[in-house]
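# Descriptive structure summary
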Amino acid sequence: MRTLLRARALAALPAIVLAVTGCAGASARTSPTDTLRIVGPFEVHSLEPAADGEVFTRLQVTETLVTSDLDGELAPGLATQWSSSSENTEWEFELVEGATFHDGTPVTPESVVAALEKAAAETASPLAEVPIDQIRPEESSVAFELTQPYLTLPAVLTHYSTVILAPASYDDQGRVTEIIGTGPYAVKSVELPASIQTARFDGWRGAAPAIENVTFQSVGRAESRALMAVSDQADVVFGLEPAGRQRVEATDGVGMESSLQPRTILLKVNAAHPVLGDVRVRRALSLALDREAMANAVLREKELAATQLLPPSLPAWHPDLEPLEHDQEAARALLAEAGWTPGADGALQRDGVPLTLNLVTYPDRAELPALATAIQAALAEIGVGIEVEVTNSSEVPARQADGSLELALIARHFALVSDPLVTVADVFAPEGSDWGVMNWSDPAVDSAVNALLQGASDAEAEQHRATIVRTAHEQLPLVPVAWYRMNAAVSERVDGFVLDPLETTWRITDLQWAS
Amino acid sequence: MADHRPAVGVVIRRSALVGVLARRGVQAAGVAVLVSVLCFLVVRSLPGDAAYRIAAGRYGYDLVDQETADSVRAELGLDRPVWQQLGDWLLHLLRLDLGRSLVTSRPVAEEVGYYLLGTLQLAAVALTFAVVLGGAAGVLAARRPGGIVDRLATAWVAGVRAVPPFLLGLLLVVVFSAQLGLLPAVGHGDASSLVLPALTLGTGLSGLVARVTRDAVVEVRQSEYVRFAHTKGLPERLVLLRHVLRNAAVVLVPYLGVQAVILIEGVVVVESLFAWPGLGHSLVHAVFWRDVPVLQATALVLALLVVTINTVVDLAVLWLDPRPRRLEASA
């Protein structure tokens, strides 16, 4: 009898499990009318603002003192206005009235100072670069005392690592255990690494937003995201690949939005290299690249071919320049001028030494290895041998440090804080930069960067910016290859969606349900 | 005589049980130490600057330069001698303290526990699907070897094995989620989000389960004890339940054990397709970020799971296999 019971139990077990999992099955495509469902590729592994803080800023849970508008201009955040002393060593940020944290406690100058001090202690935060002597709470403001003038401080304070969290967000060791911010939305639940739910915060100092609840779900595969977009399982889906974009465009009820990102894929060149030190060689390499074909093949959009270093979405940094061209003949001529002539097999050589170079790139962005091989093929056509090495991104700074780097294909974001000047100054640092120039400096660029950092404005600033971009355009210490576009599939349930090129926030407060 | 037989049987079973548990216990301890040390050494020998990878995992590589990497190196003591770092980990392991993730700073036990739960849920439901689908197909096919059902089952085996899980998953999403709207495409919320990933894995596995079940059932059906059961007049249903399935299960259960191990370790693709948080996901991130404590803990958990599953299989076979009773008879 026991045998029979056992056999029956065995037979019944799968049926029970199936019933348990199956009974919850029928509730998939319910579009909760009051919840905005956002899907993106990025995972949230940590609550620390310097780590994955951008998600909470984009969800408008946390706020920085200063923020940026759609044109990348500074705009008031938790600070309504700011001013600096005449030497720019003392800055004062006036806090907005009536701001409260999501736990109901008021935002005080002391709590703001405490949060900023934590950010300044994080090496990865741009605030750590600011020469801060002390940050002081005043009656209704916070004051920065600096050891040196620092004009871009307000821009640095737009960075998500400088958000203001409530004192109760931290444990006794200063780790963030809970996101208690000040924004129009408050966190309802967080399940690291993939999902966040927020709801309208009733104590928000501004007008109540139309969208009541928001969920964010991280989905790693672009194919899965595209399917969610076309089957009404998400309202806003970020980061679609070309096939997914086509699918979305062919589907009713959902549309694509896109915006150029301030990011450039470029070849970083060791300008002290015996071959690459010659500007004619650098120009020849640039002329050999058929950027439109590469952008079309890899990024599926030929408009993303870079014509100069910074994309037109940063108009202040995009002067009117002769676009970078594709001209194999001119490239061969320049190389011949530099002493490189075709050998018997067509490969270029000088004094019997073939022209071969090493190109390092990394797989963190899927298009980089593909573009690297496209560059390899393009340069092979003019007789330049390229050995592509796909490795860790850490190899770029490591080889810069030991001087062994020749070429590196990297993707550089130019507006990590709202003012590109902060990044540009780093990219063109005369001593070199891990993600910028290597062994290259130019007195005109240096003085232009310095003048801008010292606060040059208007026409003068425009001239300095043009000097920097034009010199880089002519000298090519960084060879621009392509720009980046970010995109989102947006359901027609939602009105008023705008993509912020700097991705400071997702502007959920501007959204409405379509009637 | 009849009074003594259960007692002898119990003794034999108990000693076998103790034997299994003792053997597996020693194995678990050995595996734990070996896996930890190996993991540590392998991560050490990976190319690239570990501090840099950890910093990039924490802050995104856009914000990371040599200076940030140096500060991470100093904070985590990565420049200490290798044996010191390994010794630290082993000492902490003795105290059952898995430490904190180098990237997220969260307790490793908490993090790995979360992913382990996800993996176990997925593997359990997937195996159930596989057993239900494959087992039913196998038993039906075995009723008439060479018949239509048998041939269909063979086609099924070949079909589901030939389709890679990634494609199968996408097909299932397109049909059940995008077209019919019955199930959510991805996610890790309610029970319904588990169905599609489990079905993807379970369907792939069901082919082989069907094959093994069919062969085992065919073989058992031809055995003398089944023919005897028929001869003594037992109804077909009872013969199937009492004799055929049970004896076939002795073959099937160890096979399922092996498949469970493969499921738990090899589902990275399906996990990422369905955004399902599991150990595969955690392992990939840990390797990419050089997050040694998470990597060691994940590998440790996986290794111990293999030992546990093998133990469960041993015990299940011990429980199912009728042969020890024959031992009693001869004793």
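Residues numbered from 1 in each chain as written. Chains lettered and ligands numbered in written order. Predicted model: local features only at pLDDT ≥ 70, side-chain atom pairs only at ≥ 80, totals over all residues. Heavy atoms only, no water.

Under an unreviewed UniProt entry, chain A has the name ABC transporter substrate-binding protein and belongs to Antribacter soli.

Annotation from UniProt places "domain: Solute-binding protein family" (unreviewed entry) at residues 73–413 of chain A. For residues 73–413 of chain A, helix accounts for 25% and strand for 27%, while the C-alpha atoms at its two ends are 17 Å apart. (UniProt positions renumbered as here; feature names shortened; annotations may be inferred. Helix = DSSP H or I, 4+ residues; strand = E, 2+ residues; numbered from the N terminus.)

One finds A:Val384, A:Leu409 and A:Phe428 to be the most contacted residues of the largest nonpolar core, which totals 94 residues. In terms of nonpolar packing, the next biggest core, distinct from the first, is built from 81 residues, B:Cys39, B:Leu86, B:Val253 and B:Ile309 among them. (Core = buried A, V, L, I, M, F, W, Y, C linked by side-chain atoms within 4.5 Å. Buried < 20%, exposed > 50% of the residue type's maximum accessible area, 1.4 Å probe, protein only.)

One pass over the full model with this rule turns up 11 aromatic pairs over all chains. Their ring planes at 75 degrees and their centres at 5.6 Å tell us that A:Phe93 and A:Phe144 sit as a pair that is edge-to-face. Of this pair, A:Phe93 sits in strand β5 (residues 90–95) while A:Phe144 sits in strand β7 (residues 141–146), and the two are 51 residues apart along the sequence. An identical accessibility class is assigned to A:Phe93 and A:Phe144; each is buried. On the numbers, 5.4 Å between centres and 70 degrees between planes, the contact of B:Tyr114 with B:Tyr115 is edge-to-face. Here B:Tyr114 falls in the partly exposed class, since its relative accessible area comes to 22%. The exposure class of B:Tyr115 is buried, given its relative accessible area of 5%. Note that A:Arg263 overlies the ring of A:Tyr484, its terminal NZ or CZ placed 5.7 Å from the centroid. (Phe/Tyr/Trp six-rings, centres within 6.5 Å; stacked < 30°, edge-to-face > 60°. Lys NZ or Arg CZ within 6 Å of the ring centre and 35° of its normal.)

As a further point, take the interface of chain B and chain A. Facing the 62 residues of chain B at the interface are 58 residues of chain A. Of the roughly 5,200 Å² buried at the junction of chain B and chain A (both faces included), carbon and sulfur atoms supply 58%. Counting across the chain B and chain A interface gives 0 salt bridges. At the junction of chain B and chain A, the tally comes to 10 residue pairs in polar contact (both at pLDDT 80 or more). (Contact = heavy atoms within 4.5 Å. Buried area = accessible area lost by both parts, 1.4 Å probe. Salt bridge = Lys/Arg side-chain N within 4 Å of Asp/Glu carboxyl O. Polar contact = N/O pair within 3.5 Å; in protein donor to acceptor, adjacent residues only side chain to side chain.)

Attention now moves to unusual backbone geometry. Residue and element names in this part refer to chain A. Of note, the amide linkage connecting Leu-192 to Pro-193 takes the cis form, showing an omega dihedral of 5 degrees. With respect to the secondary-structure elements, Pro-193 resides in the loop between β8 (185–191) and β9 (195–200). At Arg-300, a residue that is not glycine, the phi angle is positive and equals roughly 60 degrees. On the secondary structure map, Arg-300 appears in the loop between α8 (291–299) and α9 (328–337). For Asn-439, which is not glycine, the phi torsion reads 55 degrees and is therefore positive. Examined against the element boundaries, Asn-439 turns out to sit in the loop between α12 (420–427) and α13 (443–453).

The next thing to look at is α8(A). Residue and element names in this part refer to chain A. Taken residue by residue, α8 has Arg-291, Met-294, Ala-295 and Leu-299 as its buried positions. Projected down its long axis, α8 shows its buried positions confined to an angular sector of 95 degrees, all on one face. Buried residues along α8 sit against α6 (242–249), α7 (279–288), α10 (367–381) and β19 (478–491). Immediately downstream of α8, the backbone of Arg-300 shows phi near 60 degrees, a positive value. (Arc of directions from axis to C-beta.)

All names here are of chain B. Averaged over chain B, the pLDDT score is 81; the fraction of residues at 70 or greater is 92%. Here residues 1–5 is a poorly scored stretch, pLDDT under 50, and it has 1 contact once near neighbours within four places are set aside; other chains count. ipTM for the predicted complex: 0.74, alongside a pTM of 0.80. (pLDDT = per-residue confidence, 0-100.)

This brings us to the domain arrangement of chain A. All names here are of chain A. Each assigned domain of chain A is listed with its residue range as follows: domain 1 (3–60 + 175–259 + 486–513), domain 2 (67–156) and domain 3 (261–485). Computed from C-alpha atoms alone, the centre-to-centre distance between domain 2 and domain 3 is 35 Å. On the side of domain 3, 8 residues touch domain 2, which itself brings 8 residues to the contact. Interface area for domain 2 against domain 3, summed over the two sides, is near 640 Å², with a carbon-plus-sulfur share of 69%. When residues of domain 2 are sorted by the area they lose upon contact with domain 3, Leu-151, Thr-152 and Ala-155 head the list and together hold 60% of the total. Scanning the region where domain 2 abuts domain 3 turns up 0 salt bridges. Class assignment for the residues of the side of domain 2 that touches domain 3 results in 5 nonpolar, 3 polar and no charged. (Domains from an automatic or database assignment. Nonpolar A, V, L, I, M, F, W, Y, C, P; charged D, E, K, R; others polar.)

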